[in-house]
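Structural overview
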Amino acid sequence: MIEDLFVAFLTRYNYYMAVIIMLIGLYAMIAKSNLIKKVIGLNIFQTAIYLFYISIADVEGGTAPILVPGTDVVYVNPLPHVLILTAIVVGVSITAVAYALAIRIYQSYGTIEEDELLELGSEPQ
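Residues numbered from 1 in each chain as written. Predicted model: local features only at pLDDT ≥ 70, side-chain atom pairs only at ≥ 80, totals over all residues. Heavy atoms only, no water.

Let us look at the pattern of salt bridges. All chains considered together, the criterion is met by 1 salt bridge. With its nearest N and O atoms 3.5 Å apart, the salt bridge here joins E114 to K38. In this pair, E114 sits in helix 5 (residues 114-120) while K38 sits in helix 3 (residues 35-57), placing the two residues 76 residues apart along the sequence. For E114, a relative accessible area of 33% puts it in the partly exposed group. (Salt bridge = Lys/Arg side-chain N within 4 Å of Asp/Glu carboxyl O. Helix = DSSP H or I, 4+ residues; strand = E, 2+ residues; numbered from the N terminus. Buried < 20%, exposed > 50% of the residue type's maximum accessible area, 1.4 Å probe, protein only.)

So, about the packing of helix 2 (residues 13-31) against helix 3. Helix packing for two helices is described by the angle between their axes and how far apart those axes are. Axis separation between helix 2 and helix 3 bottoms out at 7 Å; the angle between their running directions is 160 degrees. Overall, the two elements helix 2 and helix 3 adopt an arrangement that is roughly antiparallel. Taken as a pair, helix 2 and helix 3 cross one another with a handedness that is left-handed. Residues N14, Y15, M17, A18, I21, M22, I24, G25, L26, A28, M29 and I30 of helix 2 pack against K37, K38, G41, L42, I44, F45, A48, I49, L51, F52, S55 and I56 of helix 3. (Axes fitted to C-alpha atoms, helices over the stretch in contact; angles between N-to-C directions. Parallel < 35°, antiparallel > 145°, perpendicular 65-115°, else oblique. Left-handed = near helix turned anticlockwise from the far one by under 90°. Contact = heavy atoms within 4.5 Å.)

Another aspect to go through is the side chain of N34. In this fold, N34 is placed in the loop between helix 2 and helix 3. Side-chain polar atoms of N34 contact the side chain of E113, separated by 3.2 Å. Every residue in contact with N34, bar those within four places of it in the chain, is listed here: I112 and E113. (Polar contact = N/O pair within 3.5 Å; in protein donor to acceptor, adjacent residues only side chain to side chain.)

What follows deals with the environment of I56. Mapped onto the elements of the fold, I56 is located in helix 3. On the accessibility criterion, I56 (48% relative accessible area) is partly exposed. Along the primary structure I56 and G41 are separated by 15 residues, whereas in three dimensions their C-alpha atoms are 23 Å apart.

Moving on, we come to helix 3. Taking 1.5 Å per residue as the helical rise, helix 3 with its 23 residues ought to reach 33 Å, and the 34 Å between its terminal C-alpha atoms agrees with that figure. Along helix 3, the residues that are buried comprise L35, K38, V39, G41, Q46, A48, Y50, S55 and A57. At its buried positions, helix 3 is contacted by helix 2, helix 4 (79-109) and helix 5. Between the side-chain oxygen at the start of helix 3 and the backbone nitrogen of I36 there is a gap of 2.9 Å, and the oxygen is on N34. (Expected span 1.5 Å × (residues − 1).)

Encoded structure:
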C-alpha cells in the first residue's frame, strides 16, 4: 500500500513540484507589499505554469516528433512546447512593462511599497 503511494508520488513528482512552486509564487504576489517582489512572485507563478503545461505534454515512451518512414512509434506532442516558448516571450514582455511601471512609480512617489503608496493617495509629490 505505502509502496504503491511512493511509486505514484515518484512518477508524478513534477506535478507536485509545479503546485508547490505555484503556491510560492502566489504567496509572494499576495503577501509581499514591495512591487518588485510582487513581479518576482508573478514570474515564479508563470514558471510553475510552464512546468505543469510541459509535464502534461509528456508521453511515456514517446520520442521526438520526427517522422521516420516505416516505423510505428509514439510521438510527444510538440504543440505545448511551442506554446510555452510563446508564453515565455509574453512573460518577459510583461515583466519588462511591470518593472518599467515600478520605476515610474518610484520616480513619482519615491517608494515602491504598496502600503506607503496607498497612504500617499493619488497625487504625486
